[in-house]
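Understanding the architecture of this molecule
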Amino acid sequence: MTAVDFLPFVDRLAQVSGEAIMPFFRTAFAMEDKSGGGVFDPVTEADRAAEAAMRRLIGETFPNHGVIGEEYGAAGETSDYVWVLDPIDGTKSFISGLPLWGTLIGLLHKGAPCYGLMHQPFTREKFYGDGAEAHWRGRGANGGEASRRLLTRPCAGLDRATLMTTSPKLIPEPLRPRYEILENRTRLARYGGDCYAYCMLAAGHVDLVVEAGLNIYDIVALIPIVRGAGGVVTTWDGGDPSKGGAIVAAGDKRVHEQALEALNA
């Protein structure tokens, strides 16, 4: 792949997924609970339609690439290039009519995240990065298209940090006391956001995002965005985050180190 064909292709993926999703947002639609009796885990017609549209386009354009998606599983995951898709990250916000959700489009090259995009078709925003740089594209103050480079903000310590997590209740009970130690050391904690929280970190509005129980499709697209903006993403023990699990993302290495210390106290 070259930059000439890759970037327009990713934009096309975002376009077809948005076209599949938006007719459902803030309307009445069918929904299922795929939790099997556990924590409520909704899936909608929009999730499935968007992923199907993206998988179809990937298969037509790059037939040798693999795909891992939340709704339809994995195919060709041993390929050098593997797309990792979450058609609606933040389905609970989506079904509640809140715009704190997005489509995650990630790309692995030989197992390592090399590109990620978060598309919010309702607000018409795109956050994207390749691990070296990250950018935002959306509507400017005058209503026209605008873009800017994303940069995390400095934060010297937890006592100055704003932390986000989707919900403490989503953190498995054995890990929850460790999370609570960390939250109690921060200046401000905010709940909700899903993928949007990581993008706000990349944009320099929050300092920490801490979650657990993530799947590969929840995080791969966000890693190059956060890192490209100057941030750090690891597991709670400082390891590779690309398979999911317990994740901590920080805009400043200093606050990342302190977060790991608190989580492993």
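Because the structure is a prediction, the values reported are computed rather than measured.

**Some words on the layout of surface pockets**
In this structure, the largest pocket encloses a volume near 710 Å³. Lining the largest pocket are 35 residues, and of these D41, K92, L170, D194 and D218 sit closest to its centre. When contributions to the lining of the largest pocket are tallied by element, the ones reaching two or more residues are β2 (42-44), β5 (81-89), α3 (91-95), α5 (195-202), β13 (208-214) and α6 (216-219). Among the elements that line the lining of the largest pocket, the one with the most residues is β13, at 4 residues. Its residues assigned to classes, the lining of the largest pocket shows 13 nonpolar, 10 polar and 12 charged.

**Some words on helix α8 (residues 253-263)**
Of the positions making up α8, those classed as buried are V255, H256, A259, L260, A262 and L263. Relative to the axis of α8, the buried residues are bounded by an arc of 160° and lie together on one face. Exposed side of α8, more than 90 degrees from the buried face: K253, E257 and E261 are the residues found there. Two or three places before R254, at the opening of α8, D252 has a side-chain oxygen 2.8 Å from that residue's backbone nitrogen.

**Here we look at the environment of H256**
Note that H256 resides in helix α8. Judged by relative accessible area, which is 7%, H256 ranks as buried. When the C-alpha atoms of H256 and R56 are compared, they prove to be 39 Å apart, with 200 residues separating the residues in sequence. Setting aside chain neighbours within four positions, we find H256 in contact with V232, T234, V248 and A250.

**Comments concerning the sheet that holds strand β15 (residues 245-250)**
Strands sit in the order β12-β11-β13-β15-β14 across an open sheet of 5 strands; the sheet is mixed. Each of the sheet's edge strands pairs with one partner strand only, and the pair in question is β12 (188-191) and β14 (232-235). Here the strands of the sheet are splayed against their neighbours by 20° on average, with no regard to which way each runs.

**Details of the packing of aromatic side chains**
One pass over the full model with this rule turns up 10 aromatic pairs. When the ring of F25 is compared with that of W101, the centres are 5.2 Å apart and the planes differ by 65°; the resulting orientation is edge-to-face. On the criterion of sequence distance, the pair formed by F25 in the loop between α1 (3-21) and β1 (31-33) and W101 in the loop between α3 and β6 (102-109) is long-range, its members being 76 residues apart. The two residues F25 and W101 agree in class, both being buried. Relative to W83, the ring of F62 has its centre 6.5 Å away and its plane inclined at 25°; by these criteria the two rings are stacked. Taken together, the residues span a long stretch of sequence, with F62 in the loop between α2 (45-61) and β3 (66-69) and W83 in strand β5 at a distance of 21 residues. As far as burial versus exposure is concerned, F62 and W83 are alike and both buried. Three or more aromatic residues joined by ring pairs make a cluster, and in this case those are F6, F9, F62, W83 and Y115.

**Quick word on the nonpolar core**
Counting residues in hydrophobic clusters, the biggest one holds 29 residues, and the most contacted among them are M118, F127, L150, Y198, I219, L222 and I225. Sorting the residues of this core by element identifies β9 (134-139), α5, β13, α7 (222-228) and β15 as the ones contributing at least two each. Other than its neighbours up to four places away in sequence, I225 contacts G116, L117, M118, F127, Y128, G129, A134, L150 and A202.

**A look at the pairing of strand β10 (residues 145-149)**
Note: β9 against β10, 5 bridges, orientation antiparallel. Each bridged residue has a counterpart across the sheet, and for R139 the counterpart in β10 is E145. Connecting β9 to the next strand, β10, in antiparallel fashion are 5 residues, including G143 with a positive phi near 90°.

**Quick word on α2**
With 17 residues, α2 ought to run about 24 Å at 1.5 Å a step, and its terminal C-alpha atoms sit 25 Å apart, in line with that. Those residues of α2 that fall on the buried side of the exposure criterion are A46, D47, A50, E51, A53, M54, R55, L57 and I58.

**Concerning the pattern of salt bridges**
Enumeration over the complete set of coordinates arrives at 7 salt bridges. For R254, the salt bridge identified is with D252, shortest N-O distance 2.8 Å. The network of salt bridges with shared partners includes D11, K126, R137 and E145.

**With respect to the sheet that holds strand β4 (residues 73-75)**
In space, the 8 strands of this open sheet follow the order β4-β3-β5-β6-β7-β8-β9-β10, with mixed pairing throughout. In this open sheet, the two edge strands, each paired with only one partner strand, are β4 and β10. Direction aside, neighbouring strands of the sheet carry axes that sit 15° apart on average. In the sheet, strand β7 (residues 112-120) pairs with strand β8 (residues 125-129) via 5 bridges, with the strands oriented antiparallel.

Reading guide: rules and limits
Residues numbered from 1 in each chain as written. Predicted model: local features only at pLDDT ≥ 70, side-chain atom pairs only at ≥ 80, totals over all residues. Heavy atoms only, no water. 1 Å grid on protein atoms, 1.4 Å probe; cavity = no way out; pocket = protein on both sides within 12 Å on 5 of 7 lines; lining within 4 Å. Points joined across faces, edges and corners; volume = space filled by probe spheres on them. Helix = DSSP H or I, 4+ residues; strand = E, 2+ residues; numbered from the N terminus. Nonpolar A, V, L, I, M, F, W, Y, C, P; charged D, E, K, R; others polar. Buried < 20%, exposed > 50% of the residue type's maximum accessible area, 1.4 Å probe, protein only. Arc of directions from axis to C-beta. Polar contact = N/O pair within 3.5 Å; in protein donor to acceptor, adjacent residues only side chain to side chain. Contact = heavy atoms within 4.5 Å. Pairing = 2+ DSSP bridges. Axes fitted to C-alpha atoms, helices over the stretch in contact; angles between N-to-C directions. Phe/Tyr/Trp six-rings, centres within 6.5 Å; stacked < 30°, edge-to-face > 60°. Core = buried A, V, L, I, M, F, W, Y, C linked by side-chain atoms within 4.5 Å. Expected span 1.5 Å × (residues − 1). Salt bridge = Lys/Arg side-chain N within 4 Å of Asp/Glu carboxyl O.

In short, the description is geometric, and any link to function would need to be established separately.
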